[in-house]
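# Descriptive analysis of the structure
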Amino acid sequence: MPENKRPFKRFGDRTSRPKTQTDEDKIREFVLRNSKNGYYTKVSTLSYKFEIPIEKAWEIVGGLLIDGSLESIHDEFTGEMKLCEAGKTYLIMNLEQQRKKQKSQEFKRIKTQKSKKNRDI
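So, here's what we can say about the structure. Here the residue numbering is sequential within each chain, running from 1 through the sequence in written order. Predicted model: local features are reported for residues with pLDDT of at least 70 only, side-chain atom pairs are reported and counted for 80 or more only, and whole-chain, interface and lining totals are derived from all residues. Just so you know, side-chain values use all the structure's heavy atoms and leave hydrogens and water out.

## Considering the overall build of the protein
Along the protein, the regular secondary structure elements total four helices and three strands. A run of H or I in DSSP counts as a helix once it spans at least four residues, and a run of E counts as a strand once it spans at least two, with each numbered from the N terminus. Reading the secondary structure of the protein in the N-to-C direction produces α-β-α-α-β-β-α. Three exposure classes are used, based on accessible area relative to the maximum for each residue type with a 1.4 Å probe and protein chains only: buried under 20%, partly exposed in between, and exposed over 50%. Split into buried and exposed, the 121 residues of the protein put 22% on the buried side. Residue pairs at least 24 apart in sequence account for 44% of intrachain contacts in the protein once pairs closer than 6 positions are excluded. Accessibility throughout is a Shrake-Rupley quantity obtained with a 1.4 Å probe, and a residue counts as covered only by protein chains that appear here. Of the roughly 10,000 Å² of accessible surface on the protein, a fraction of 53% belongs to carbon and sulfur atoms. By the convention used here, residues are in contact when the closest approach between their heavy atoms is within 4.5 Å.

What follows is the structure, given as structure tokens:
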């Protein structure tokens, strides 16, 4: 072997390389992370977020609902299915109502401030 050439050296062992996550694992983690932050995940979001066909997203969601790691609820206005961690449905629903209430109060406050400014002018 020439002196200026080194022998091929493998960096790391193949068995120590972390396994790539399946789409199902990625979706489960995404929904669980959203649940921990107090939000639902719409099923329609999954297909474009993970760049998978909507049919596959529904197939994965079905599997996750069957194994009991997730729960679902339907949006009262659109009828769209929303997912969350099992046992957190009502907690997240309550947080959503609080956010809506706070948002409407903020809107009313800004509206009254604008009307007061208009009267002063």
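Text resumes after the structure shown.
## Examining the pairing of strand β2 (residues 70-74)
Successive side chains on a regular strand alternate, one facing one side of the sheet and the next facing the other. A pair of strands is treated as paired once DSSP finds two or more bridges between them. Where β2 and strand β3 (residues 81-85) come together, five bridges link them in antiparallel fashion. When the sheet's bridge partners are listed, leucine 70 is paired in β3 with glutamate 85. Here β2 folds back onto β3, and the loop between the two strands holds six residues, one of which, glycine 79, carries a positive phi near 80 degrees.

## So, the side chain of serine 47
Take serine 47: it is sitting in helix α2 (residues 43-49). Overall, serine 47 belongs to the buried group, its relative accessible area being 16%. For serine 47, the residues in contact, after removing those within four places along its chain, are Ile52, Pro53, Ile54 and Ala57.

## Quick notes on the nonpolar core
Only buried residues count toward a nonpolar core, which is a set of Ala, Val, Leu, Ile, Met, Phe, Trp, Tyr and Cys residues joined through side-chain atoms within 4.5 Å. The biggest cluster of nonpolar side chains holds 14 residues, and the ones touching the most others in it are Ile27, Leu46, Phe50, Ile52, Val61 and Leu83. Sorting the residues of this core by element identifies α1 (23-36), α2, α3 (54-66) and β3 as the ones contributing at least two each. The leading source of residues in this core is α3, at four residues.

## Quick notes on the packing of aromatic side chains
For Phe, Tyr and Trp, rings pair up if their centres lie within 6.5 Å, where Trp contributes its six-membered ring, and each pair is then called stacked (planes under 30 degrees apart), edge-to-face (over 60) or tilted (otherwise). Under the defined criterion, the tally for this structure stands at one aromatic pair. Note that arginine 99 overlies the ring of tyrosine 39, its terminal NZ or CZ placed 4.0 Å from the centroid. Here, over-ring charges are defined by two tests on the NZ atom of lysine or the CZ atom of arginine: distance to the ring centre within 6 Å, and angle to the ring normal within 35 degrees.

## Topic: unusual backbone geometry
Positive phi outside glycine occurs at glutamate 51, with the angle close to 50 degrees. Inspection of the secondary structure puts glutamate 51 in the loop between α2 and α3. With relative accessibility at 73%, the residue glutamate 51 sits in the exposed group.

## Digging into the environment of lysine 36
Along the chain, lysine 36 falls in helix α1. The spacing of lysine 36 and lysine 88 is 52 residues in sequence and 8.8 Å in space, taken between C-alpha atoms.

## Notes on the sheet that holds strand β1 (residues 41-42)
The three strands lie next to each other as β1-β3-β2, forming an open sheet whose pairing is antiparallel. Each of the sheet's edge strands pairs with one partner strand only, and the pair in question is β1 and β2. Strands β2 and β3 of the sheet are contacted by α3, whose axis makes an angle of about 45 degrees with β3. Axes here refer to lines fitted to C-alpha atoms; in helices the fit is confined to the stretch in contact. Angles between the N-to-C directions go from 0 to 180 degrees.

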